[in-house]
Amino acid sequence: MVIQENMTVQKKLEILSDAAKYDVACTSSGVDRKGSGSGIGNSVACGICHTFSADGRCISLLKILLTNECIFDCKYCMNRASNDVLRATFSPEEICNLTIEFYRRNYIEGLFLSAGVLKSPDYTMEQMLKTLRMLREEYHFNGYIHCKAVPGADPVIVEMTGWYADRMSVNLELPTADSLKMLAPNKTRKNILKPMKQIQIGRLENKGMPVFNRIPFSEEDGYDTGRYLTTAAKAQTTSDIVLPDISDIVTADPSGSSFGLIKPPSVNRGFVPAGQSTQMIIGATPESDYQIISVAEALYQKFDLKRVFYSAYISINDDSNLPALTQGPPLLREHRLYQADWLLRFYGFQASELLSENRPNFNTLMDPKCNWALGHLEQFPVEVNKADYYTLLRIPGVGVKSAQRIVRARKSANLTFEDLKKIGVVLKRALYFITCNGRMMYPVKIEENYITSMLLQVKEKLPLGIEAASAYKQLSLFDNADFTSANADFRSLSQDNFLSGLGG
Amino acid sequence: MSEKKVYQCEDSLEGILTAVYDAWSSRNGHGNNEIRILSGDYQGNMELFTEYIIVKNSEEKISKVIKAVYEKISSEAYELICSAACSCEQSRGDDIYRFLIVGFSVGREIVDQLHNKYVMRIFELTRNVSNEAHHLKGFLRFQEIEEGILVAKIAPKNDVIRILAPHFSDRLCQENFIIYDENRNTAIVHGESKAWFYTDSSMLDVDRIKNISEREESIDIMWKAFFQTISIKERENKNLQRNNLPIRFRSNMTEFE
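Criteria and thresholds
- Starting afresh in each chain, residues are numbered from 1 along the sequence in its written order.
- Chain letters and ligand numbers both follow the written order, the letters beginning at A and the numbers at 1.
- Residues qualify for local features only when their pLDDT is at least 70, as the model is predicted, and side-chain atom pairs are given and counted only at 80 or more; totals for whole chains, interfaces and linings, by contrast, use all residues.
- Note that the side-chain values use all heavy atoms of the structure and ignore hydrogens as well as water.
- Contacts are assigned to residue pairs with any non-hydrogen atoms lying within 4.5 Å of each other.
- In short, buried area is how much 1.4 Å probe accessible area vanishes from two parts on joining, totalled over both.
- A side-chain nitrogen of Lys or Arg and a carboxyl oxygen of Asp or Glu constitute a salt bridge if their distance falls within 4 Å.
- Any pair of nitrogen or oxygen atoms within 3.5 Å is treated as a polar contact; in protein, a donor-acceptor pairing is required on top of that, and neighbouring residues in sequence qualify only through side-chain atoms on both sides.
- Here a strand is any run of E in DSSP of at least two residues, a helix any run of H or I of at least four, and the numbering for each starts at the N terminus.
- Polar here means any residue outside two lists: the nonpolar Ala, Val, Leu, Ile, Met, Phe, Trp, Tyr, Cys and Pro, and the charged Asp, Glu, Lys and Arg; Gly therefore counts as polar.
- Throughout, exposure labels follow a simple rule: accessible area from a 1.4 Å probe, protein chains only, divided by the maximum for the residue type, with under 20% read as buried, over 50% as exposed, and the rest as partly exposed.

Attention now moves to the interface of chain A and chain B. On the side of chain B, 56 residues touch chain A, which itself brings 61 residues to the contact. Interface area, chain A with chain B, both sides summed: about 5200 Å², of which 57% is carbon and sulfur. Where B:Glu175 meets A:Arg104, a salt bridge forms, and the shortest distance between an N and an O atom there is 2.8 Å. For the interface between chain A and chain B, the tally reads 32 residue pairs in polar contact (both at pLDDT 80 or more). At the level of secondary structure, the elements contributing two or more residues to the side of chain A that touches chain B comprise helix 1 (9–18), strand 2 (51–52), strand 4 (61–65), helix 2 (92–104), helix 10 (331–346), helix 14 (400–409) and helix 15 (417–423) of chain A. Here the side of chain A that touches chain B gets six residues from one element, more than from any other, and that element is helix 1 of chain A. The class makeup of the residues in the side of chain A that touches chain B is 27 nonpolar, 17 polar and 17 charged.

Below, the structure is given as structure tokens:
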């Protein structure tokens, strides 16, 4: 291990931001907090992007590691113990100074602090806590802080940290316990899920909500338990259909929090008020899209996560357990997962509606919502002037904003196709699925192959730079509209890569 | 037949509201009236058979219109026209006039009539203004000059500095800062623990703004270094970057110098 003495702060910043860049989350959203009138900083619920790096990703936070020294040896990670890279460690003062000076100049919304595991999980978590405390209490920083919880750290330190952070995250790293064992031998699923559960329970108790199975509640309490109970009830139904390899997430035990051991700091900003997030690496291991979104769904329902991030696997290390990527990171797949993630969180879809064990992967040619609609043509066309909000949301070409506008605008008028266009509905997609005042826009036959081929002619707006090149080669499939085989191709491709990585 | 009248007003919310009052009380028929904003060199095309009226701001007329908007429409509608008046669109004066004509006839429901073209137009203007203001909450950059004063220079299309002022005053309440709009020569000035004020920049000593503090350079360099290293080479995507961060903002951003 290479450790340099007397390194400048700038050099450290270069090493420790370079080492932090693979963490996806850079959001500063989820909490609205006015300035304190004395210190520095506030927080805006919608989040603010301060700049965009050359890869097009938003920079909102000073995203750094406290240290890139690490006793763990996760195969995919640049900072793993067995890699020969330059190592550096910030002092808490250095981090505080950087944060404040960057914040004053409006470069950032706040701090994103992660770390390699230095000496032990407890020691690392302590250093992070020390930094956050200093930033809040000595530098009076009132902006946004996102902090990692180190798996395996003492729950007491995790809880203390939670009083100073706005968001915390524990990375799931890989969708299943088996993959984790293979690629991150020092981490266990249990050590990851434990702090996640702890933070969830802490948040609920901090908000005055009784936790199921832990604190008996009575009607007299007057707490709003509705939300939590429905989540619990919902989760019950999903556990019936759950895939065996993610059952540990679905059956996570809600007991065992140590919450309440720590006295909140004098300025009480709430316990992890912006909630928690996590991230999974996509494409390093052979899980299907169905497994991945089922994991995400279980995390939203059982752990009340705010966000699950997906990170297309980037080949950094050579290791016999890692796939050899020939085409660069699987960005289109990552994009499809984010689209599906949105459907789970804002559109009222369930993972089992989008995919199944027989059809385990997303269509590369078409977004998940169009794909779903084509498989459920019996539910269309929808009358735009009558359908409820959630039905509107299921129409391809109608997003959250346009659905809200439709509901608002039709209070005072019967909407026409012209109105829908003005409202922002993408008619060239939606026209196959809707009627206005009982009539379709054109006479259209509601037939899967026909609509599929029409929709594929409307070019999907993919994020710039994501090539659907591999997908567009398969134009001949348009005729029979058997797009599941396109999926199969896509999968077997990465499967092959995976196997070749194994030397098989 | 009444002849066409064009009300030429000052480039401000006050000017527009006075013109609305004058146009309304002209009994000339709304269809024959137009409100035009006099700004800089732009005078618009002069037309034949048209009377041009220079509108002079009047406190009394302004407050009458504001009161009518509050009472006959809603406070939400008033916020919409305030924001629309900050737009850079030449037609904003007349757009507000048309919006108010609809508003006075339908009342508070107007904000739901998203299919009405005048209502939609106002939403378009306000969306544009608030989007740019939101962008600048992130993209604006302060530089520290001598005595620790923070100075930001921006060149927005819409007149957004008064929308930015409350945000930065809350955030940096302990700082002395100036936000300077170089297109309009206006500025927001905020003193430590004091309320902000809006001024034209004749009050500013622009040369002093250039005297950046000693440590400024080292912080700039660190920010640029961070900006470079945080990007992932394998995912490089300049098109996406340009889409998310339009070039026009970059001339005033440290990391693109």
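The discussion continues.
All names here are of chain A. As for its position among the elements, Leu455 is in helix 17 (residues 448–457). With relative accessibility at 3%, the residue Leu455 sits in the buried group. Not counting residues up to four positions away in its chain, the partners in contact with Leu455 are Met366, Cys370, Leu374, Lys428, Arg429, Tyr432 and Phe433.

Before going further, it helps to spend a moment on the pattern of salt bridges. Residues and elements named next belong to chain B. Under the criterion given, the structure shown has 43 salt bridges over all chains. Residue Asp95 pairs with Arg121 through a salt bridge whose shortest N-O separation is 2.9 Å. Taken together, the residues Asp95 in helix 4 (residues 92–106) and Arg121 in helix 5 (residues 117–139) connect sequence positions 26 residues apart. Its salt-bridge partner being Arg184, residue Asp181 comes within 2.9 Å of it at the nearest N-O pair.

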